[in-house]
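The chain contents come next:
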Amino acid sequence: MIYRTIDMMAARKKTGWGGARPGAGRPRLYAKMHRRSVDFDDADDRLLREIAAERGVTVIQVIREAVTAYLKRQKTRKKR
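All values derive from a computational prediction rather than experimental measurement.

The rules we used
- Each chain carries its own residue numbering, running from 1 in the direction its sequence is written.
- Given that the model is predicted, a residue must reach a pLDDT of at least 70 before its local features are reported, and side-chain atom pairs must reach 80 or more before they are shown or counted; all residues, however, enter totals for whole chains, interfaces and linings.
- Water and hydrogen atoms play no part in the side-chain values, which are based on all heavy atoms of the structure.
- Every case where a carboxyl oxygen of Asp or Glu lies within 4 Å of a side-chain nitrogen of Lys or Arg is listed as a salt bridge.
- Helix and strand labels come from DSSP, where a helix needs a run of H or I of at least four residues and a strand needs a run of E of at least two; each type is numbered from the N terminus.
- Burial classes follow relative accessibility: with a 1.4 Å probe on protein chains only, a residue under 20% of its type's maximum area counts as buried, one over 50% as exposed, and anything between as partly exposed.
- One fewer than the residue count of a helix, multiplied by 1.5 Å, yields its expected span.
- By definition, no residue in a patch forms a salt bridge, and every one has over 30% relative accessible area; like charges are joined within 9 Å, nonpolar side chains (Val, Leu, Ile, Met, Phe, Trp, Tyr) within 5 Å.
- Note on areas: Shrake-Rupley with a 1.4 Å probe; residue coverage comes only from the protein chains shown.
- A residue's pLDDT is simply how confident the predictor is in it, with values from 0 to 100.

Asks: I tried to follow the pattern of salt bridges on my own but got confused; where do I start?
Replies: Oppositely charged side chains can form a pair if their charged atoms are brought close together. Taken as a whole and judged by the stated rule, the model has two salt bridges. Its salt-bridge partner being Arg49, residue Asp45 comes within 2.9 Å of it at the nearest N-O pair. Of this pair, Asp45 and Arg49 both sit in helix H2 (residues 42–55), four residues apart, roughly one helical turn. A residue is classified by how much of its surface remains accessible, and Asp45, at 25% relative accessible area, is partly exposed. According to the relative accessible area criterion, Arg49 is exposed, its value standing at 52%.

Below, the structure written as structure tokens:
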């Protein structure tokens, strides 16, 4: 009985419905992301949350902007 059910499932014709479509879904905000893990002490975490709440953005957005600004500063210092 089990084998008959498996054979019937295998013999089904594919309809072409379902699956991912090219270009479907929400567009990505960033080209390619790399995951990093960072720990903050209580005071820094509290300050990050306050800044994010004041600006109406997420904490991770504040962190990304801070890292980007820091890296730009470092890049301009190396050119000198």
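Here the narrative resumes, following the displayed structure.
Asks: Explain H2 to me, please; I cannot follow it from the model alone.
Replies: Given 3.6 residues per helical turn, the α-helix brings residues three or four places apart onto the same face. Helix length check: H2 (14 residues) gives 20 Å between terminal C-alpha atoms against 20 Å at 1.5 Å per residue, within 8%. Looking one or two residues beyond H2, the residue adopting positive phi is Gly56, at roughly 75°.

Asks: Honestly, a nonpolar patch on the surface in this entry has me stumped. Any pointers?
Replies: On the surface, Val67, Tyr70 and Leu71 cluster together to form a nonpolar patch covering roughly 290 Å² of accessible area. Take Tyr70: it is sitting in helix H3 (residues 59–79). Judged by its relative accessible area of 43%, Tyr70 is partly exposed.

Asks: For this particular structure, what's the right way to read the confidence of the model for the protein?
Replies: Detailed reading of the predicted coordinates is not advisable wherever pLDDT falls low. On average, residues of the protein carry a pLDDT of 83, and 74% of them reach 70 or more. Ranking the helices and strands of the protein by mean pLDDT puts H2 first, with 97, and helix H1 (residues 2–11) last, with 61.

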